[in-house]
Amino acid sequence: MSAKQEFVELFQPLLDEVIADCEKCYPDYNKDAIVWFRKVMEYNCLGGKMNRGLSVLATYKRLIFPREPTDEEIREANILGWCIEWLQAFFLVSDDIMDASATRRGQPCWYKAMDPPYKGWKGHEVGMVAINDAFLIESAIYKILKRNFRSKPYYVDLLELMHETSYQTELGQMLDLITAPEHHVDINKFTLEKYKCIVKYKTAFYSFYLPVAMGMLMNGISDKQKHDNALEILLEMGELFQIQDDYLDCFGDPEKIGKIGTDIQDNKCGWLIVQAMKLATPEQKLILEENYAKKDEAKVEKVKAVYRDLDLPSVYHAYERQSYDRLQKLMEEKAGDLPVEIFKDFADKIYFRTK
């Protein structure tokens, strides 16, 4: 069985554990509502690439090499991996509502999903109930952590790490939303500095640092300098990962990436528009100003036409190569006595990706 298959197979037992806990702690709670809760988890937590979740075990294996992990260690690392995947699901359900997105992972966003499993809802969308559903996904994380890690010496560190990472990501989401409100479009204020701040907080901490930090805590590594060094390397990867997402949102194949990109329509302070405003002629800037952040396919195409005229795909590919070279240097300088393979594993998954 592959590592991913073993990881995926753990999802249902963990969900069963959460549901059983709910039924045991609250025996008078509505049984039909619990069916809805299960559907929320199954619909939103499965179907992704699961790179974040799988990276906890991958990190732990690198740290204990040449020893092989025990079955119990594999299970514990994968439980932590699912905590990250559930955190991701919590963020995505919320983000899709805020961005008015249509699809996620090749299916309708949860708030757009039809016929949720509860009497009286046939023919209707989940709608804004999805906001509370997102809260439930997050709460399930802490149920699982308490049930499986409460006796561990690093339990408090895990809780603090999860809370801090959630806080950082929410700060990033806030900056993303208030920087580019749909009621006030001003793409001239988009800067690379602001963009990098959004990316660092919204994506890099939870997508890259969190799984490595969890693997380190499992191995008893709590030294601040070691965590800081890992963070510096992983933030570089996180920045590129979001730039890739921005590029694929515009130029990627929706069939491959599993969603229809809406960054242009949503007035996003993205890497492409920041680069375009830096490279564009006055005439091209005027086209961008007149057509960016408009929910009109013809206007979206005009923006994309400027991107193509500026040859932003080539600019992107050159940046990706430069980022890869920077990372190699950073790993040499900062890895210290942490196995450099931890970071190379991540790099192999993200560099030059197409989905």
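Please read all numbers here as calculations on a predicted model, not as lab measurements. (Residues numbered from 1 in each chain as written. Predicted model: local features only at pLDDT ≥ 70, side-chain atom pairs only at ≥ 80, totals over all residues. Heavy atoms only, no water.)

(A) Local environment of helix α13 (residues 312-334). End to end, α13 covers 32 Å across 23 residues, agreeing with the expected 33 Å (1.5 Å per residue, within 8%). Buried residues along α13 sit in contact with α8 (224-251), α10 (271-279), α12 (297-309) and α14 (341-350). Looking one or two residues past α13, Gly336 carries a phi angle of roughly 60°, positive in sign. (Helix = DSSP H or I, 4+ residues; strand = E, 2+ residues; numbered from the N terminus. Expected span 1.5 Å × (residues − 1). Contact = heavy atoms within 4.5 Å.)

(B) View of empty space enclosed by the protein. Inspection of the entire model under this criterion finds two cavities of 30 Å³ or more. In this structure, the largest cavity encloses a volume near 90 Å³. As for the largest cavity, its lining consists of 13 residues, of which Tyr43, Asn44, Asp96, Arg104 and Arg105 are closest to the centre. The biggest single contributor to the lining of the largest cavity is helix α4 (residues 71-99), with four residues. (1 Å grid on protein atoms, 1.4 Å probe; cavity = no way out; pocket = protein on both sides within 12 Å on 5 of 7 lines; lining within 4 Å. Points joined across faces, edges and corners; volume = space filled by probe spheres on them.)

(C) Molecular detail of the environment of His184. Note on placement: His184 falls in the loop between α6 (155-179) and α7 (192-218). Overall, the relative accessible area of 43% leaves His184 in the partly exposed class. Dropping the residues within four chain positions of it, His184 is found in contact with Lys189 and Asn267. (Buried < 20%, exposed > 50% of the residue type's maximum accessible area, 1.4 Å probe, protein only.)

(D) Examining the nonpolar core more closely. Within the largest apolar cluster, 119 residues are counted, with the highest numbers of intra-cluster contacts made by Trp86, Leu145, Leu288, Tyr307 and Phe343. Tallying contributions element by element places α7 first for this core, with 15 residues. In this view, Tyr307 contacts Cys250, Phe251, Ile264, Leu272, Ile273, Ala276, Leu288, Tyr292, Leu312 and Pro313; residues no more than four positions away in its chain are not counted. (Core = buried A, V, L, I, M, F, W, Y, C linked by side-chain atoms within 4.5 Å.)

(E) Layout of the packing of aromatic side chains. All chains considered together, the criterion is met by 19 aromatic pairs. Ring geometry for Trp36 and Trp121: centres 5.2 Å apart, planes at 75°, overall edge-to-face. One end of the pair, Trp36, is in helix α2 (residues 31-45); the other, Trp121, is in the loop between β2 (107-108) and α5 (129-149), with 85 residues separating them in the sequence. Here Trp36 falls in the buried class, since its relative accessible area comes to 8%. Since its relative accessible area comes to 25%, Trp121 is described here as partly exposed. Taking 4.9 Å as the distance between ring centres and 55° as the angle between the ring planes, the aromatic pair formed by Tyr43 and Trp110 counts as tilted. On the criterion of sequence distance, the pair formed by Tyr43 in helix α2 and Trp110 in the loop between β2 and α5 is long-range, its members being 67 residues apart. Residues Tyr43 and Trp110 agree in their burial class; the two are buried. (Phe/Tyr/Trp six-rings, centres within 6.5 Å; stacked < 30°, edge-to-face > 60°.)

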